[in-house]
Amino acid sequence: MNWMLLAPLYLLGGLAVAIPLIVHLKNRQQSLPYLFPTLRFIAPSQSRLHRWRNLVQLLVFSLRVLALLALVLAFARPWQKKSAFAVEEAGILVLDVSGSMNAGQAWDRAGDKIKAWIKSREAGTRASVISMGRTGRQIVPFGGNIKDLETALAKVEPTYEGTAVDQALREADDLLQKENVRRKTITVISDMTATAWDKVKWDQPLSPGVRLLIDDVSEHKPENAAVVNVTAPRNFLKMEDPFPVTATIRNFAEVPKTLWITCRVNDKDWGKVINATLPAGGARDVAFAIKPAGFMPVKGEIRIEPEDILPQDNKRFFCVNPRNPVRVGRLKSDPQESDIFLKTALMPYGETASNRFAWIELAPDNPGDLKKQVDVVIMDEGINLSQNSASLLTTFVRNGGAIVLILGEADQPTAWEQEMGLTLDRKRSTGSLATGQHFHAIEFRHPALQQFSMPRGGDLFRVNMYAWRAFKLAGAQPLIRMVNGDPLLAIRNIGTGKLVVFAFPFERSWSDWPLQATFLPMLDRLVNWLAEQGLGNQNFLAGDPLPDGQRAGKPGFVQDPVISNQAWVVNLDPAESDLIRKFNPRLASRLENPVRVITTTGQAPVFSGEEKNTLSWWLLLAVVAFSLAELCLANRTPG
Amino acid sequence: MPQSIPWDPHLLARVETLEWRSRVLVNGFLQGLHRSPMRGFSSEFSQYRPYYPGDELKRLDWRAYGRLDRLYVREYEAETNLRCQILVDASGSMGYRSANTPFRKYDYAALLAAALIRLLQTQRDACGLTLMQTGVFEYLPPKLSKAHFTRCLAAFEALAPKGGSDLLATVNHLVNLFPHRGLVAIFSDAWEDPDRISSALERLLFDKHDICFFQIVDPRELDFKFSESRMFRDMETGLRVPVTPEWTRAKYLNAVAKHLDALKQKCLDIGVVYRVLTTTQPPFETFAAFMAERERRL
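Novice: A description of the overall build of chain B should follow, citing residues and the corresponding values.
Specialist: Counting its secondary structure elements, chain B contains nine helices and ten strands. A buried classification covers 51% of the 298 residues belonging to chain B. Summed over its atoms, the accessible surface of chain B is roughly 14100 Å², and 52% of this surface lies on carbon and sulfur atoms.

Pasting the structure below:
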């Protein structure tokens, strides 16, 4: 075991030991003796006191010197360097396979490092490999021999994923904790990009006894430029209307770059090429207006040329899917006046019908697999749900579906409503029948009501409410409230789905809202918004789990296996485009506490979760202890 | 170079206004202010005694003869002058003077002794001087002349305080030279063994001397207010002792208090006038106060 100092220059502070030495010598200095006539009264006890005083002075001096030395040593940050490998050792190689490892010669250098790491495995050591991409995945378990390691590592290639340093280290740490060996080492081979390593939470250090060695394989050539973001609408409704696509191009290089920016849609040039000059470290947004060629997914890519050190990020894909009609399911008991208003808003009529909604009548006693049939379920008042229906509705809403519940006169509290957190307080709240009561508060920030806050969006405050059902929906956001605080319209998140409650049926005896011009737009927007909430993500980064259970791999397009005219898009993690290296000093400064740099042999900075600053802290504690002891002794009188 | 004593002419002039009267009968050799054990010719009637042939006829009390038909002689008390011997300690410890004090103990003792000599000379009392020091016995017999006063002052100046002192030895030597009853005034710091001091005083009392014992001390000797630890050296023995005042003060003060109490008790027991004088007290006022108190007790 070798001891080294991380900041040996602090040892110069040891010269401060001269201060207590001078003080001690000054105290010991025998000045001219003081002539005094009555020493006969004190002489007998003085020899013992003198010995005691000398001892105390020596102790005080020693404590001062020790405190100073401990302080200096603590600042010098000693650490214990252990021999590189031992027989009883478990080592995990955390191999960075993120997108940035494709840059330049990083992967070749990583190959050399891998070979060196394999070579350093000795008999009796246990080794495992974790690939560090979007997540940390153990690709070689413990227990294999050297050949298994070589075979497995030969197959590993850099991916297009991001870099989850924390997760990989944590997984490696967890795996090592299960190993009963003397030495546990994590060796990381990475290009040390700042975007990934800056996110590491070093406040959660590795377990005691685990050493962390980092092999930096980056090359300092920050001359990358990339398409880091593309913003496109999720869907298009009409083929006639073009939609905007905006791309953000960033130049990570230290010099300006002139780039050709092109857009391709469905494997054809979109006919627009931009020659842009980006300053060093600058970014630029470029917009394209895309017009779909048919009612099929628009698959496009924004590309920059020429290619540079990381060619994978010179293009970015986008996909805009055609918008399918919102499937509205209706659970109702009897024909009611609400039907007129609901069907007016949501139900297509013959040949002139809009294709925005699909109207589906559901059987209240057995609605079937709702998720496959509908996006939004509208429930009328007073429906007696069977146990099967209630269970299906619960499953539906918890898995991302939306239910619109319309309360009315006939509603009685049911077990299902209680399960949803809905409590009906009174039978009916009545406002002024002559003139009605206006809304008191409206949440205009909600997308379904946002339009009505605009100048010609319609005035919701003109609505007259004659009666409503008072209810409470636990954890709900009220969108419209009356003056007495009763909610008229409230939304609650349940699982990944939503439950919307109207406190009144759409009948003229309860409210004149259905007769007003604001009602149908409100219903249209609300249902559309609810349907959109249930749609899953369609933009993924490499390494993300896809809805079909697969893992997003190479950037490009993936066909939705369920809906034929829907596609997903996979892109390289934009953080990987930033190749600025995490330089050792910067990383070391981030690792001040609690992880400590313990050596910088060769090109590889080495860190440890064990020895880091433990000794320094003990030394600082010793400083405090020595100081306290010095205080006690210096002020102590015998007897 | 020996340190000269700061004589105070004003003090010496002012003491002439005071009067010293002996507490005991003294044997003088001249007419004086003090009562004598002898019968003499003062106006103070003493007693009658039967006439013996040879007595002077003029001293017969004829009225008593008329009433009693016996011859009686009238006797009057004799008044004589005082013979005084002043003992001044000139040991090394008497040379101590702490910071911010005006006198060395030796200076203070010399001032008071000179004042007493001056006062007694004014009353035509003979006053001698003995300086105590190890190996030195400077003795000036009691005399009345003015030149004697000057010789006394010169003796003070000539002797620098050093070495030790032994009061008992000095007294044993002195009693041979000063046998008649008189006044013995002792000025010393009295840091000797109280028993030996007591023995010396008892030896003087045996000769029926009137004894005034003045212990001259420096205030620092009483309070031991020192701040820094340093090496101390005894002024008489040369003993070097490292002293940490804050550790030592309590024990020292306790020992000094015990010593002073013992000395005071012994003086009280044998009826010796004992005063502790600190060198910061104004000499004349201290002397006058002592005289006033003494006058009240007579």
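Novice: With reference to specific residues and values, describe the overall build of chain A.
Specialist: For chain A, the count of helices and strands is 13 helices and 33 strands. In chain A, which comprises 639 residues, the proportion classed as buried is 50%. Taking contacts inside chain A between residues at least 6 apart in sequence as the whole, the part at least 24 apart equals 73%. Accessible area of chain A: about 30100 Å², with a carbon and sulfur share of 55%.

Novice: Outline the side chain of Ser 98 of chain A, listing residues and values.
Specialist: Residue and element names in this part refer to chain A. Locating Ser 98 in the fold gives a position in the loop between strand S4 (89–96) and helix H3 (106–120). A distance of 3.2 Å separates the side chain of Ser 98 from the side chain of Ser 100, its partner in a polar contact. When near neighbours in sequence (up to four residues on either side) are disregarded, Ser 98 contacts Met 132, Pro 158, Thr 159, Glu 161, Gly 162, Thr 163 and Glu 576.

Novice: Give a detailed account of the pattern of salt bridges, specifying residues and quantitative values.
Specialist: All names here are of chain B. This structure, assessed with the given rule, holds 23 salt bridges over all chains. With a closest N to O distance of 2.5 Å, Glu 75 and Arg 49 form a salt bridge. With a gap of 26 residues between them, Glu 75 in strand S2 (residues 72–80) and Arg 49 in strand S1 (residues 31–50) connect regions that are remote in the sequence. Using a relative accessible area of 7% as the deciding quantity, one classes Glu 75 as buried.

Novice: Now, about the sheet that holds strand S14 (residues 283–290) of chain A: what can you tell me, with residues and values included?
Specialist: Residue and element names in this part refer to chain A. Pairing is antiparallel in the open sheet, where three strands are placed in the order S9-S11-S14. This sheet does not close on itself; its edge strands, each paired only once, are strand S9 (225–231) and S14. Going from strand to strand, the sheet's axes swing by 25° on average, the running direction of each strand aside. Two elements, S9 and strand S11 (residues 243–251), share six bridges in a ladder whose sense is antiparallel. Across the sheet, residue Asn 229 finds its bridge partner in S11, namely Thr 248.

Novice: Please set out the interface of chain B and chain A residue by residue, giving values where relevant.
Specialist: Counting from both sides, the interface comprises 32 residues of chain B and, opposite them, 24 residues of chain A. Contact between chain B and chain A buries roughly 2600 Å² in total, counting both sides, with carbon and sulfur atoms accounting for 67%. Linking chain B with chain A are zero salt bridges. Seen at the junction of chain B and chain A, the total is eight residue pairs in polar contact (both at pLDDT 80 or more). Those elements that place two or more of their residues in the side of chain B that touches chain A are helix H7 (219–223), strand S8 (230–234), strand S9 (240–243) and helix H8 (245–270) of chain B. The leading source of residues in the side of chain B that touches chain A is H8 of chain B, at eight residues. Looking at side-chain class alone, the side of chain B that touches chain A contains 15 nonpolar, six polar and eleven charged residues. Note that strand S2 (residues 34–36) of chain A and S8 of chain B share three bridges and pair parallel. The residue of S8 of chain B that forms the bridge with Leu 35 of chain A is Arg 233 of chain B.

Novice: Please set out the nonpolar core residue by residue, giving values where relevant.
Specialist: Val 377, Phe 439, Phe 502 and Trp 513 of chain A are the most contacted members of the largest nonpolar core, which has 68 residues in total. Broken down by element, the residue count for this core peaks at eight residues, all from helix H11 (residues 519–533) of chain A. Discounting chain neighbours no more than four positions away, the residues touching Val 377 of chain A are Gly 329, Leu 331, Leu 362, Leu 370, Leu 393, Phe 396, Ala 402, Ile 403 and Val 404 of chain A. One finds Ile 5, Phe 103, Phe 156 and Phe 214 of chain B within the second-largest nonpolar core, a separate group that totals 48 residues.

Novice: Which residues make up the packing of aromatic side chains, and what values do they have?
Specialist: The full count for this structure, using the stated rule, is 35 aromatic pairs over all chains. Relative to Phe 226 of chain B, the ring of Tyr 34 of chain A lies with its centre 5.1 Å away and its plane at 70°, an arrangement referred to as edge-to-face. Here Phe 226 of chain B lies in the loop between H7 and S8 and Tyr 34 of chain A lies in strand S2, a pairing that spans two chains. For Tyr 34 of chain A, a relative accessible area of 19% puts it in the buried group. By relative accessible area, which is 14% here, Phe 226 of chain B ends up buried. A connected cluster of aromatic rings, assembled from ring pairs, spans Tyr 34, Phe 36 and Phe 41 of chain A together with Tyr 96, Trp 191, Phe 224, Phe 226, Phe 232 and Tyr 252 of chain B. The cationic tip of Arg 40 of chain A hangs over the ring face of Phe 41 of chain A; the distance from NZ or CZ to the ring centre is 4.9 Å. Taking NZ or CZ as reference, Arg 118 of chain B lies 5.4 Å from the ring centre of Phe 149 of chain B, over its face.

Novice: Talk me through unusual backbone geometry; I want residue IDs and the actual numbers.
Specialist: A cis geometry characterises the amide bond from Glu 305 of chain A onward to Pro 306 of chain A, with omega recorded as 5°. Here Pro 306 of chain A lies in the loop between strand S15 (298–305) and strand S16 (315–322). A positive phi angle, near 55°, is found at Phe 224 of chain B, a position not held by glycine. Of note, Phe 224 of chain B is situated in the loop between H7 and S8. A residue is classified by how much of its surface remains accessible, and Phe 224 of chain B, at 0% relative accessible area, is buried.

Novice: I'd like to hear about the environment of Glu 337 of chain A, residue by residue, with values.
Specialist: Residue and element names in this part refer to chain A. For Glu 337, the position within the fold is in the loop between strand S17 (326–331) and helix H7 (338–346). Given a relative accessible area of 24%, Glu 337 falls into the partly exposed group. Not counting the four nearest positions on each side in its chain, Glu 337 is found in contact with Phe 506, Glu 507 and Arg 508.

Novice: Any chance you could break down the confidence of the model for chain B for me, citing the residues and the numbers?
Specialist: Summarising the model, chain B shows a mean pLDDT of 85, and 90% of its residues fall at 70 or more. Reported confidence for the predicted complex is 0.78 by ipTM and 0.48 by pTM.

Novice: I'd love a proper account of the packing of H7 of chain A against H11 of chain A, names of residues and values included.
Specialist: All names here are of chain A. Put simply, H7 and H11 touch, their axes get as near as 9 Å, and they point 65° apart. Regarding H7 and H11, the two cross each other, and that crossing is right-handed. Where H7 approaches H11, its residues Phe 341, Leu 342, Thr 344, Ala 345 and Leu 346 are matched on the opposing element by Phe 519, Leu 520, Leu 523, Asp 524 and Val 527. Its residues placed into classes, the contact of H7 with H11 shows eight nonpolar, one polar and one charged.

Novice: Run through the side chain of Asp 234 of chain B, naming residues and quoting values.
Specialist: Relative to the assigned elements, Asp 234 of chain B resides in strand S8. For the buried Asp 234 of chain B, which has no salt bridge, the nearest side chain bearing the opposite charge is Arg 40 of chain A, at an N-O separation of 7.3 Å. Within the structure, Asp 234 of chain B has its side chain in polar contact with the backbone nitrogen of Leu 39 of chain A (distance 3.4 Å). Engagement of the side chain of Asp 234 of chain B in a polar contact is seen with the backbone nitrogen of Thr 237 of chain B, the distance being 3.0 Å. Not counting chain neighbours up to four residues away, the residues in contact with Asp 234 of chain B comprise Phe 36, Pro 37, Thr 38, Leu 39 and Arg 40 of chain A together with Leu 239 of chain B.

Novice: Give a detailed account of the pairing of strand S6 (residues 183–188) of chain B, specifying residues and quantitative values.
Specialist: Residues and elements named next belong to chain B. Within S6, six of the six residues are buried, which leaves it mostly tucked inside the rest of the structure. Residue alternation in S6 divides its side chains into two sets, Leu 183, Ala 185 and Phe 187 and Val 184, Ile 186 and Ser 188, and both sets are buried. Inspection of the sheet shows strand S3 (residues 83–89) paired to S6 by five bridges, in the parallel sense. Following the sheet pairing, Leu 87 is matched in S6 by Ile 186. Both S6 and strand S7 (residues 210–217) contribute to a ladder of six bridges, which runs parallel.

Novice: A description of helix H6 (residues 194–206) of chain B should follow, citing residues and the corresponding values.
Specialist: Residues and elements named next belong to chain B. Taking 1.5 Å of rise per residue, the 13 residues of H6 would be expected to cover 18 Å, and the 18 Å separating its terminal C-alpha atoms lies within 8% of that figure. Three or more residues of H6 are buried, namely Pro 194, Ile 197, Ser 198, Ala 200, Leu 201 and Leu 204. Buried residues of H6, viewed axially, fall in a sector of 160°; they line one side. Looking at the buried residues of H6, the elements they touch are helix H5 (167–177), S6, S7 and H8.

Basis of the calculations
Residues numbered from 1 in each chain as written. Chains lettered and ligands numbered in written order. Predicted model: local features only at pLDDT ≥ 70, side-chain atom pairs only at ≥ 80, totals over all residues. Heavy atoms only, no water. Helix = DSSP H or I, 4+ residues; strand = E, 2+ residues; numbered from the N terminus. Buried < 20%, exposed > 50% of the residue type's maximum accessible area, 1.4 Å probe, protein only. Areas by Shrake-Rupley, 256 points an atom, 1.4 Å probe, with all protein chains shown as cover. Contact = heavy atoms within 4.5 Å. Polar contact = N/O pair within 3.5 Å; in protein donor to acceptor, adjacent residues only side chain to side chain. Salt bridge = Lys/Arg side-chain N within 4 Å of Asp/Glu carboxyl O. Pairing = 2+ DSSP bridges. Axes fitted to C-alpha atoms, helices over the stretch in contact; angles between N-to-C directions. Buried area = accessible area lost by both parts, 1.4 Å probe. Nonpolar A, V, L, I, M, F, W, Y, C, P; charged D, E, K, R; others polar. Core = buried A, V, L, I, M, F, W, Y, C linked by side-chain atoms within 4.5 Å. Phe/Tyr/Trp six-rings, centres within 6.5 Å; stacked < 30°, edge-to-face > 60°. Lys NZ or Arg CZ within 6 Å of the ring centre and 35° of its normal. pLDDT = per-residue confidence, 0-100. Left-handed = near helix turned anticlockwise from the far one by under 90°. Lys, Arg positive; Asp, Glu negative; His and termini not counted. Expected span 1.5 Å × (residues − 1). Arc of directions from axis to C-beta.

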